[in-house]
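# Architecture and fold: a report
Here's the letter readout for the chains.
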Amino acid sequence: MRINFFIVCVFFGAVAIFGGASRADVMSLPLVRLASVVMIAIALMQIDRQQWRMIHLPVIFLLAVAAIIAVQLIPLPPQLWASLPGRGVYMDALGVAGIDGGWRAMSLTPDLTLNALLALLPPIAAIFALCLIGRAFWAMLIPPLLIVIGANALLGVMQIASNTPYFYSITNDEAAVGFFSNRNHYAVLLAIGFPCLACWAAQPQADPALQRTRLWLALCAGAALFPLLLTAGSRAGLILGGIGAISAFGIRMGRRSRDGHGRAGRFRFQPVTLIPVAVGAIAVLATIALARDEALNRLLGSDTGQRGENLSIYFAMAKDFLPFGSGFGSFDSVFRAYEPLSAVTAQYLNQAHNDLLQIVIEGGVLPVLLLAVFLVWYLVRNWALWRHKVRSPAALLGRTGAVVVALILLSSLVDYPLRTPWLAVLMAAACCWMLPGGSTGEEKDKGLAAPTA
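Residues numbered from 1 in each chain as written. Predicted model: local features only at pLDDT ≥ 70, side-chain atom pairs only at ≥ 80, totals over all residues. Heavy atoms only, no water.

## Quick look at the overall build of the protein chain
The test is simple: To qualify as a helix, a DSSP run of H or I must reach at least 4 residues; to qualify as a strand, a run of E must reach at least 2; elements of each kind are numbered from the N terminus. Exposed residues in this analysis have more than 50% of their type's maximum accessible area, buried residues have under 20%, and partly exposed residues fall in between, with area computed by a 1.4 Å probe over protein chains only. Contacts are residue-level and defined by heavy atoms, with any inter-residue pair within 4.5 Å sufficient. The Shrake-Rupley method, run with a 1.4 Å probe sphere, supplies the accessible areas, and residue values consider only the shown protein chains as cover.
Helix and strand counts for the protein chain stand at 20 helices and 4 strands. Looking at the protein chain residue by residue over its 453 residues, the buried ones come to 49%. The long-range fraction of contacts in the protein chain, counting pairs at least 24 apart against all pairs at least 6 apart in sequence, stands at 76%. Summed over its atoms, the accessible surface of the protein chain is roughly 21300 Å², and 69% of this surface lies on carbon and sulfur atoms.

Written as structure tokens, this is what we have:
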């Protein structure tokens, strides 16, 4: 089991380092997908029927998503293809160019749709990786995850200070992005650090001194995240950071503490824990005083940018291609036909920066129905996780997963975090943490204790 845990950590580390971009032409993506295939193969050789039952729900969900994408790659006869919504203008263009209307895939960009299909490999591999090590070891992944978040934060500081190193040719220059190519995705990862720190600090320990040390370290690390979010320049990331911090206190306050005799007791607030919070507040004020609070300046500004102005265009695109969509990965190509000449600049939109609308544009009705099913499941699991006090490490991890999923979903309303392999992997892992079977407060402590790190 230790070897499997090491393999899983290596896989997560590889995706964290090489999976920070969403563009189809990024050279590191084949490495991430190859690692995902290897991870899936290793897991399939070892998992049994009982382990499969533990993860079958998220795997089936992702396979359903894969099926919807794969259908868009099926070649269709010319007349049927031309009759699909939104294809008429492209059929006319083929006729003007003198190109025969042969059999074509439903997607307007089959190569990018195939890339979208392959992009499901990392999250599927993450689910199998968690299945391989078993639920009892899931909490042990929190410390490595915090190390990855810390490494991204330190790298972001270096990038602000020296404008180097950056790992992708297309990136937010002169901004903190960590191992990502996009500062918004970097900020989302920092926001995820808050609930993860709370989970790590609240893990039960036999030694009260170690428990207090963990709490202090978590508070200090959390206090350091806010100035980093300010300098990242991501408006959504700053808001998500505030939500993540509030939810972190909720996770911590919801834990049932125990006294030295093993009796359950209430969590007692200690005023001394306000010291790291005060230091963090001072650091935030210093960041503002030094005019490094780019995220706050952008948040308080009145300019909504090109994204807000394009909402009406997005709705028109979605309407024209309903109910089947234009094809996953086709947004950039299709948007150029809708973009007004007055808005054409040297910059371009590679994504809609609103994944909900982009899913409708590219996938049509079916993926929206799948999303609705997921949201119902998510709400049901949240009700089960939060209506009772936390009585086990699994329940604590389940609440953490619920917050991580919420942060990524909220980010998807103004960006595209799930199109980045590393954040897609974190989303898959967080959903697994929420799975029933030792994650609610109704189970007894007995038999659910997990190894802590």
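After that view, the rundown keeps rolling.
## Digging into the packing of aromatic side chains
We count it as follows: When two rings of Phe, Tyr or Trp (its six-membered ring) have centres within 6.5 Å they constitute a pair, described as stacked for plane angles under 30 degrees, edge-to-face for angles over 60, and tilted for the intermediate range.
For the structure shown, the criterion picks out 12 aromatic pairs. Ring centres 5.3 Å apart and planes at 25 degrees place the aromatic pair Phe-167 and Phe-179 in the stacked group. Of the two residues, Phe-167 is situated in the loop between helix H8 (142–162) and helix H9 (183–202) and Phe-179 in the loop between H8 and H9; the sequence distance between them amounts to 12 residues. You can call Phe-167 partly exposed: its relative accessible area is 45%. A relative accessible area of 18% means that Phe-179 is categorised as buried. By way of ring pairs, the aromatic residues Phe-61, Phe-374, Trp-377 and Tyr-378 are connected into one cluster.

## What about the environment of Ile-359?
Mapping Ile-359 onto the fold places it in helix H17 (residues 355–363). With sequence-adjacent residues up to four places away left out, Ile-359 is seen in contact with Gly-364, Pro-367 and Val-368.

## What about the confidence of the model for the protein chain?
When pLDDT is low, close inspection of the predicted coordinates is not appropriate. Put simply, the rule is: For every residue, the predictor assigns a confidence score, pLDDT, that lies between 0 and 100.
Per-residue pLDDT for the protein chain has a mean of 84; in total, 83% of the residues score no lower than 70. Here residues 257–267 scores under 50 on pLDDT; set against residues more than four positions off or in separate chains, the count is 14 contacts. Overall, residues 439–452 carries pLDDT values under 50, and its contacts beyond four positions in sequence, including any with other chains, amount to 36 contacts.

## Some remarks on the nonpolar core
One recurring pattern in soluble globular proteins: nonpolar side chains tend to sit buried together. Quick note on the threshold: The definition of a nonpolar core used throughout is a set of buried Ala, Val, Leu, Ile, Met, Phe, Trp, Tyr and Cys residues joined through side-chain atoms within 4.5 Å.
Counting residues in hydrophobic clusters, the biggest one holds 95 residues, and the most contacted among them are Phe-12, Ile-192, Trp-422 and Trp-433. Sort the elements by how many residues they give to this core and H9 lands first, with 15 residues. Apart from the residues within four sequence positions on either side, Ile-192 is in contact with Ile-149, Val-404, Leu-407, Ile-408, Leu-423 and Leu-426. Ranked by size, the runner-up nonpolar core spans 13 residues in total, among them Val-334, Phe-335, Ala-352 and Leu-357.

## Quick look at the pattern of salt bridges
Quick note on the threshold: For this document, the term salt bridge refers to a Lys or Arg side-chain nitrogen within 4 Å of an Asp or Glu carboxyl oxygen.
Within this structure, the stated rule accounts for 4 salt bridges. In this structure, the salt-bridge partner of Arg-23 is Asp-25, at a minimum N-O distance of 3.0 Å. For the salt bridge of Arg-336 with Asp-332, the shortest nitrogen-to-oxygen distance reads 3.0 Å. On the criterion of helical spacing, the pair formed by Arg-336 and Asp-332 is a turn pair, its members being 4 residues apart in helix H16 (residues 331–338). Given a relative accessible area of 56%, Arg-336 falls into the exposed group. One salt-bridge network, in which partners are shared between bridges, spans Asp-355, Glu-362 and Arg-419.

## What about the environment of Ala-232?
Mapped onto the fold, Ala-232 is located in helix H10 (residues 208–232). For Ala-232, a relative accessible area of 0% corresponds to the buried category. Considering only alpha carbons, one finds Ala-232 and Ala-175, 57 residues apart in sequence, at a separation of 6.3 Å. Residues contacting Ala-232, with those up to four places away along its chain left out, are Ala-175, Ala-176, Arg-183 and Tyr-186.

## Looking at a nonpolar patch on the surface
Short version of the rule: Put simply, a patch holds well-exposed residues, over 30% relative accessible area, that have no salt bridge, with like charges counted together within 9 Å and Val, Leu, Ile, Met, Phe, Trp or Tyr side chains within 5 Å.
Together, Ile-239, Ile-243, Leu-356, Leu-410, Leu-413 and Val-414 make up a nonpolar patch on the protein surface, roughly 470 Å² of accessible area in all. Mapped onto the elements, Ile-239 comes out in helix H11 (residues 235–253).

## So, the side chain of Arg-87
In plain terms, the rule: Here Asp and Glu are counted as negative and Lys and Arg as positive; His is not counted, and neither are the chain ends.
Position of Arg-87 relative to the elements: it lies in the loop between helix H4 (78–83) and helix H5 (88–96). For Arg-87, which is buried and forms no salt bridge, the nearest opposite charge comes from Asp-320, at a distance of 10 Å. Every residue in contact with Arg-87, bar those within four places of it in the chain, is listed here: Trp-81, Ala-82, Met-106, Ser-107, Leu-108, Phe-321, Gly-325 and Ser-326.

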